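Fold and contact review
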Amino acid sequence: MQLVPLSDSVGVEVRGVSIVDVASDHAAYLAVRAAFEEHSVLLFRDQPVADDIQAAFSRSFGPLERTKVASLGAGGFYSILKNIAPDGSLVPDDHREALVARANQLWHTDSSFKATPALASVLSARTIPGHGGETQFASTRKAWERLPAATQARLRDAVVTHSYANSRDQVSPNLANAEERAALPPVQWRLSWRNPVNRRRALYVASHAYAIEGMSDNEAKATLSGLIEDATREEFTYLHRWRAGDVVMWDNRATMHRGRPWPGDAARHMVRTTISATAADGLEEVRGAMARAA
Ligand code: OGA
Ligand code: MN
């Protein structure tokens, strides 16, 4: 296995090991798992992309998450992001799937709004637009490490509230519907997530986060947007330009990501599988706040 850096700040391309190797060979899994813990974003090029292969690869890392209510593929293992209607036409700008794409263009970490948040996400490209439609990543571990020690000490265990509606409301007031609001009540996590393997901490906030215990709404909003802005400064990011056969995996504990826009007259179709966090991934510590509330 060779690891080739994707940027100065985050991510490596994995060469010499395929997603099929990871699913079928424990030694290959362990090598890739170590790279995942260390580098947070992994790119595999020229893969045999198919749903079942992607799921088998993903399952090596932990339990697969079920896709939330009211999304394409709801209740299954595959989150489908596409602007293509069943009849093959492209959806208009105000269509739900177009708004979902816009919400994905906010800096976020997947599933921080769920009762069990995500360890990792695996995304593959099925149809790629000619221009745009990249996915951009920032290391929240590096962002945490850039904070002054006094800020780290003050914020480390701060209790942050996340909700699905909070990020959707930034795009359109009706994007999160009643079914989603009922199924996905707000959840609380510590502001930083410590990786139990290497003990490195990462900032754990993004577009779903909106309140901080003990702070006024204004102070919390200013704190969160300041943290997110610094974390995602251009020079700290990796912009992934998709090619056919690409599979990208990222650590939701240690990164933020966002989709980038593309022309409305071009098709884009992506499939994501998501791995739930477990105790071995540091979940109990970040959950401290939830346990206290229960
Ligand atoms: C995702 C996501 C962005 C993109 O699948 O979780 O945010 O570029 N995707 O499609
Ligand atoms: Mn996402």
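Keep in mind that what you see is a predicted model, and the values were worked out from it rather than measured. (Residues numbered from 1 in each chain as written. Chains lettered and ligands numbered in written order. Predicted model: local features only at pLDDT ≥ 70, side-chain atom pairs only at ≥ 80, totals over all residues. Heavy atoms only, no water.)

Quick look at the nonpolar core
With 29 residues, the main nonpolar core has L42, F44, F57, F61, M249 and I275 as its most contacted residues. Discounting residues that sit within four places of it in the chain, M249 has contacts with F36, S40, V41, L42, F57, F61, A120, S121, V122 and I275. (Core = buried A, V, L, I, M, F, W, Y, C linked by side-chain atoms within 4.5 Å. Buried < 20%, exposed > 50% of the residue type's maximum accessible area, 1.4 Å probe, protein only. Contact = heavy atoms within 4.5 Å.)

Comments concerning the site of ligand 1
Around ligand 1 lies a shell formed by L81, N104, H108, D110, L123, E134, T135, W250, H257, G259, R268 and R272. Measuring from an oxygen atom of ligand 1, one finds a side-chain N or O atom of H108 at 3.0 Å. The separation between an oxygen atom of ligand 1 and a polar side-chain atom of T135 is 2.6 Å. Of all the cavities here, the one that holds ligand 1 is the second largest cavity. Considering only residue class, the shell around ligand 1 consists of three nonpolar, five polar and four charged. (Near = heavy atom within 4 Å. Polar contact = N/O pair within 3.5 Å; in protein donor to acceptor, adjacent residues only side chain to side chain. 1 Å grid on protein atoms, 1.4 Å probe; cavity = no way out; pocket = protein on both sides within 12 Å on 5 of 7 lines; lining within 4 Å. Sits in = over half its atoms within 2 Å of the grid points. Nonpolar A, V, L, I, M, F, W, Y, C, P; charged D, E, K, R; others polar.)

Focus: empty space enclosed by the protein
Where empty space is left in the structure can be found by rolling a water-sized probe over the atoms. All chains considered together, the criterion is met by three cavities of 30 Å³ or more. In this structure, the largest cavity occupies an estimated 340 Å³ of space. Every residue lining the largest cavity is counted, 23 residues in all, and those nearest its centre are K68, S71, S79, R168 and R272. Those elements giving two or more residues to the lining of the largest cavity turn out to be β4 (79-82), α4 (96-103) and α7 (164-169). A per-class count over the lining of the largest cavity returns seven nonpolar, seven polar and nine charged. Considering only enclosed or pocket space, the second largest cavity measures out at about 240 Å³ in volume. Looking at the second largest cavity, it is lined by 20 residues, and the ones nearest its centre are L81, N104, L123, G259 and R268. Put simply, the parts of the chain that give the lining of the second largest cavity at least two residues each are β4, α4 and β14 (255-259). (Points joined across faces, edges and corners; volume = space filled by probe spheres on them. Helix = DSSP H or I, 4+ residues; strand = E, 2+ residues; numbered from the N terminus.)

As for the packing of aromatic side chains
On inspection of all chains with the given rule, the structure shows seven aromatic pairs. Between the aromatic rings of W193 and Y204, the centroid separation amounts to 4.9 Å while the plane-to-plane angle is 85°, which identifies the pairing as edge-to-face. With W193 in strand β9 (residues 192-194) and Y204 in the loop between β10 (201-203) and β11 (209-212), the pair connects residues that are 11 residues apart, well separated along the chain. By the ring-pair criterion, three or more aromatic residues cluster together here, those being Y29, F36, F44, F57 and F61. When the ring centre of W262 is taken as reference, the NZ or CZ atom of R268 above it lies at 5.0 Å. (Phe/Tyr/Trp six-rings, centres within 6.5 Å; stacked < 30°, edge-to-face > 60°. Lys NZ or Arg CZ within 6 Å of the ring centre and 35° of its normal.)

Remarks on the layout of surface pockets
Taken as a whole, the largest pocket holds about 270 Å³ of empty space. Around the largest pocket, the lining is made up of 15 residues, and of these Q170, A206, S207, S225 and I228 lie nearest the centre. For the lining of the largest pocket, the elements supplying multiple residues, two or more each, are β11 and α9 (217-231). With five residues, α9 is the largest single contributor of residues to the lining of the largest pocket. By volume, the second largest pocket is sized at about 220 Å³. In terms of lining, the second largest pocket is formed by 13 residues, of which the most central are D93, A98, A101, W262 and G264. Residues belonging to the lining of the second largest pocket are distributed by class as follows: seven nonpolar, three polar and three charged.

Any functional reading would require information beyond the geometric quantities listed.
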